[in-house]
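Inside the fold
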Amino acid sequence: MAVKIGGLAKEVMKRLNDYGIEAGLEVEKVSADVAKDTAKTLTKSSPKLTGDYAASWTYSEGETKRTRHSMIVHVDKPEY
């Protein structure tokens, strides 16, 4: 693909933006996988007197912005 020198900066910025979007989507996918695995690990390793506490571990999506993505691993039931 040929780009004229006058459009070089615009083309570079377009490619960097596309890369940023792809990287962000991959980060979201991987962080969801890690949160899921963390909740499973906590479920297996939590005390199991009745089993309710251990079974209540879950995860949810936290703040997502252009350059930031977070997942929250927490106990689902408020009494814990």
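For the structure, check the block above.
Before going into details, it helps to say that this report is about the structure given with it. The structure displayed is predicted, hence computed values, not measured ones.

Under the defined criterion, the tally for this structure stands at one aromatic pair. A centroid spacing of 5.8 Å and a plane angle of 70° characterise the contact between Y53 and W57, whose relative ring orientation is edge-to-face. Overall, Y53 belongs to the partly exposed group, its relative accessible area being 28%.

Okay, the environment of E61 next. As for its placement among the helices and strands, E61 is situated in strand 1 (residues 57–65). For E61 and E28, which are 33 residues apart along the polypeptide, the C-alpha to C-alpha distance reads 9.2 Å. Setting aside its immediate chain neighbours within four residues, E61 contacts H69, S70 and M71. Within the structure, the side chain of E61 is placed 3.0 Å from the side chain of T64, a separation counted as a polar contact.

Inspection of the sheet shows strand 1 paired to strand 2 (residues 68–75) by seven bridges, in the antiparallel sense. Bridged to Y59 within strand 2 is V73. In sequence, strand 1 turns back onto strand 2 through a hairpin of two residues.

Moving on, we come to the side chain of H69. Checked against the element boundaries, H69 lands in strand 2. Residue classification places H69 among the buried positions, given a relative accessible area of 19%. In terms of polar contacts, H69 uses its side chain to reach the side chain of S31, at 3.1 Å. Polar side-chain contacts of H69 include one of 2.8 Å to the side chain of T64. The residues touching H69, leaving out its near neighbours within four places in the chain, are V27, E28, S31, E61, E63 and T64.

Size it by volume and the largest pocket reaches roughly 230 Å³. Contributing to the lining of the largest pocket are G20, I21, G24, L25, V27, E28, T64, K65, R66, T67, R68 and H69. Elements that contribute at least two residues to the lining of the largest pocket include exactly helix 1 (8–45), strand 1 and strand 2. In terms of residue count, helix 1 provides more of the lining of the largest pocket than any other element does, six residues in total.

Throughout the structure, instances matching the rule amount to three salt bridges. Between K14 and D18 there is a salt bridge; the shortest N-O distance is 3.3 Å. Here the residue K14 and the residue D18 both occupy positions in helix 1, the gap between them amounting to four residues, near one helical turn. A residue is classified by how much of its surface remains accessible, and K14, at 45% relative accessible area, is partly exposed. Across the pair E63 and R68 runs a salt bridge, and its minimum N-O distance is 3.2 Å. Given the relative accessible area of 45%, R68 is considered partly exposed.

Rules and cut-offs
- Residues numbered from 1 in each chain as written.
- Predicted model: local features only at pLDDT ≥ 70, side-chain atom pairs only at ≥ 80, totals over all residues.
- Heavy atoms only, no water.
- Phe/Tyr/Trp six-rings, centres within 6.5 Å; stacked < 30°, edge-to-face > 60°.
- Buried < 20%, exposed > 50% of the residue type's maximum accessible area, 1.4 Å probe, protein only.
- Helix = DSSP H or I, 4+ residues; strand = E, 2+ residues; numbered from the N terminus.
- Contact = heavy atoms within 4.5 Å.
- Polar contact = N/O pair within 3.5 Å; in protein donor to acceptor, adjacent residues only side chain to side chain.
- Pairing = 2+ DSSP bridges.
- 1 Å grid on protein atoms, 1.4 Å probe; cavity = no way out; pocket = protein on both sides within 12 Å on 5 of 7 lines; lining within 4 Å.
- Points joined across faces, edges and corners; volume = space filled by probe spheres on them.
- Salt bridge = Lys/Arg side-chain N within 4 Å of Asp/Glu carboxyl O.

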